[in-house]
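Here is how the chains run, residue by residue.
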Amino acid sequence: MSAAEAATGRTITTDIPARLDRLPWSRWHWTIVIGLGTVWILDGLEVTVVGNIASRLSEPGSGLSISSGQVTGIAAALYVAGACIGALFWGRLTDRFGRKKLFMITLAAYLAATALTAISWTAWWFFLFRFLTGFGIGGEYAAINSAIDELIPANYRGRVDLIINGSFWLGAVGGSLLSIVALNTDLLAENLGWRLTFALGAVLASVILLVRRHVPESPRWLLIHGRDREAEEIVTDIERQVEEAKGERLPAPEGELEIHQRHSISFMEIASTIFRTYPKRAVLGFSLFIGQAFLYNAITFGFGAILTKFFDVPSDHTGYYFAVIAIGNFCGPLLLGRLFDTVGRRVMISSTYLLSGVLLFITAWLFGQGTLNATTMTACWCAVLFFASAGASSAYLTVSEIFPMETRAMSIAFFYALGTAAGGISGPLLFADLTSTGKTGDTVLAFSIGAALMCAAGLVAAALAVKAERRSLEDIARPLTAAAGKAKAATKAARPGTRSGGPTAPPAGSTP
């Protein structure tokens, strides 16, 4: 037994993972979706508002001395850089101190930073708090995805994770429509409208913070860290609520796990697990994140600038176009999500990446030929992003379920940070330069780079994606704390044909 294991000195046998995975979909699961998933709406609101108000912030009378290129380039890159650093910082703490404590702290950090962005009076202040806003959001990615996967039953984990991550685009719809109001000088002064949009983000975060108090700590995390009594109490209470809602007794769980409890896992052990134990999975994670990060963080940050520069769309009208694109983005995970649990991860991940990449190549060619206008460009982007959104959401799902539980938050943070740094920091800076030239060829080049990376990631997924559909997390990747040769993961609890609802859908009227 290692020193870390000796810190608790206890070995236990538990059926808690099996008990969680055999639950039917219920009202309790909806509270988890609402309490944890709604933060992506705030992220979508943030990113979209900044992209759409870039031209207004650069106009005289905005209250800031800043250019449109600085907003979509430097500020966007700082936001993403903050998210990357925040993911790594908070991700490590999430694995060490728990999911709930960290998803409360990171949301509070986001709330404070976005509120302070609203009172920006100079460019450096705006840049600083865009960075700190991203710092808070980055922690949310690690803490929330960890908690979601550990609380949602195996039969529904894929679709729920995709839809929650895809809810970013509901925020994008709101941000687009909000920017229309914020940029209307007949309603709000030039130096006031954009400030109110950031203030609204802080208000919404406050509401989510109150709702999130009712979300429990992950019982799986509690088990690992020597707090099995708390885990038992939480799961017993969840089972009671589900039985009361369904009006029937739950089936007996099938499968147990024997683990050595330990308080912490060293960073070196995490790195060794990711790169030495699961090197192919590491390549898969990097590929998926780099592809989607470049496409989204590089290209969509500058979509408003493309509309105004190439199609002469007024700056206060770009929100209408982006709202349409955002709806298409959300429909992707919403309509395709169930297939990730039924058809399977490998087929769906590879096909969504490849289809979005091919469609983006076609869009780049049509744009280069000068055959598109603002409306048809928007239609092309809807088609591209319908598939790309499902693929991008599956990147978060993938890295959150294919590595051992003790490393989950850090794995999410690590792949998000490095993949996003490659495409999300360099991307906005490069793309801002390319679109600012006003040359069609430069923008076609940016589109083509994003398309090529998406296609490459799709090919990697076709070869390396893990068949994780309807399997318990402990079966996909054995916990580091599991007793050697004695792990009996709760795979039966997630098999088709059990009373947990099968592999297709929750009970009628309650499908997530």
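An account of the accompanying structure is given in this report. Residue numbers run consecutively from 1 along every chain, following the written order of its sequence. Per-residue local features of the predicted model are confined to residues with pLDDT of at least 70, and side-chain atom pairs are confined, for both listing and counting, to 80 or more; whole-chain, interface and lining totals are unaffected and use all residues. Processing note: side-chain calculations cover all non-hydrogen atoms of the structure and skip hydrogens and water entirely.

1. Let's talk about the overall build of the protein chain
- Each helix is a run of H or I in the DSSP string that is no shorter than four residues. Each strand is a run of E no shorter than two, and both are numbered from the N terminus. Scanning the protein chain from N- to C-terminus turns up 21 helices and 2 strands.
- Residue exposure (1.4 Å probe, protein chains only): buried if accessible area is under 20% of the type maximum, exposed if over 50%, otherwise partly exposed. Among the 512 residues that make up the protein chain, the fraction classed as buried is 60%.
- Residue contacts are counted whenever heavy atoms from the two residues lie within 4.5 Å of one another. Taking all contacts inside the protein chain whose residues are at least 6 apart in sequence as the whole, residues at least 24 apart take part in 86%.
- Within the structure as shown, the protein chain displays about 17,900 Å² of accessible surface, and the carbon and sulfur contribution to it stands at 63%. Surface accessibility in these figures is a Shrake-Rupley result with a 1.4 Å probe; residues are shielded only by whichever protein chains are displayed.

2. Re the layout of surface pockets
- Estimated volume of the second largest pocket: approximately 160 Å³.
- Every element with two or more residues in the lining of the second largest pocket is listed here: α3 (27–37) and α12 (228–246).
- The leading source of residues in the lining of the second largest pocket is α12, at 6 residues.
- Three classes are used: nonpolar for Ala, Val, Leu, Ile, Met, Phe, Trp, Tyr, Cys and Pro, charged for Asp, Glu, Lys and Arg, and polar for all others, with Gly counted as polar. Across the lining of the second largest pocket, the residue classes tally to 6 nonpolar, 4 polar and 2 charged. Only protein atoms enter the 1 Å grid used here, on which a cavity is any set of points holding a 1.4 Å probe that cannot leave and a pocket is any open set flanked by protein within 12 Å on both sides along at least five of seven lines; residues with an atom within 4 Å of a point are listed as lining. Grid points are joined across faces, edges and corners, and a volume is the space filled by probe spheres set on the points.

3. Quick notes on unusual backbone geometry
- Backbone geometry at D312 places phi at a positive 55 degrees, although glycine is not the residue there.
- With respect to the helices and strands, D312 occurs in the loop between α15 (303–311) and α16 (318–342).
- Classification of D312 as exposed rests on a relative accessible area of 66%.
- The phi torsion at R470 lies on the positive side, around 60 degrees, for a residue other than glycine.
- One can find R470 in the loop between α20 (440–464) and α21 (473–476).

4. Focus on empty space enclosed by the protein
- With the rule as written, the count across this model stands at 3 cavities of 30 Å³ or more.
- Of the pockets and cavities examined, the second largest cavity occupies roughly 60 Å³.
- T14, P17, R220, L223, I224, L257, I259, M405, E474 and P479 together form the lining of the second largest cavity.
- The element that contributes the greatest number of residues to the lining of the second largest cavity is helix α11 (residues 219–224), accounting for 3 residues.
- Residues belonging to the lining of the second largest cavity are distributed by class as follows: 7 nonpolar, 1 polar and 2 charged.

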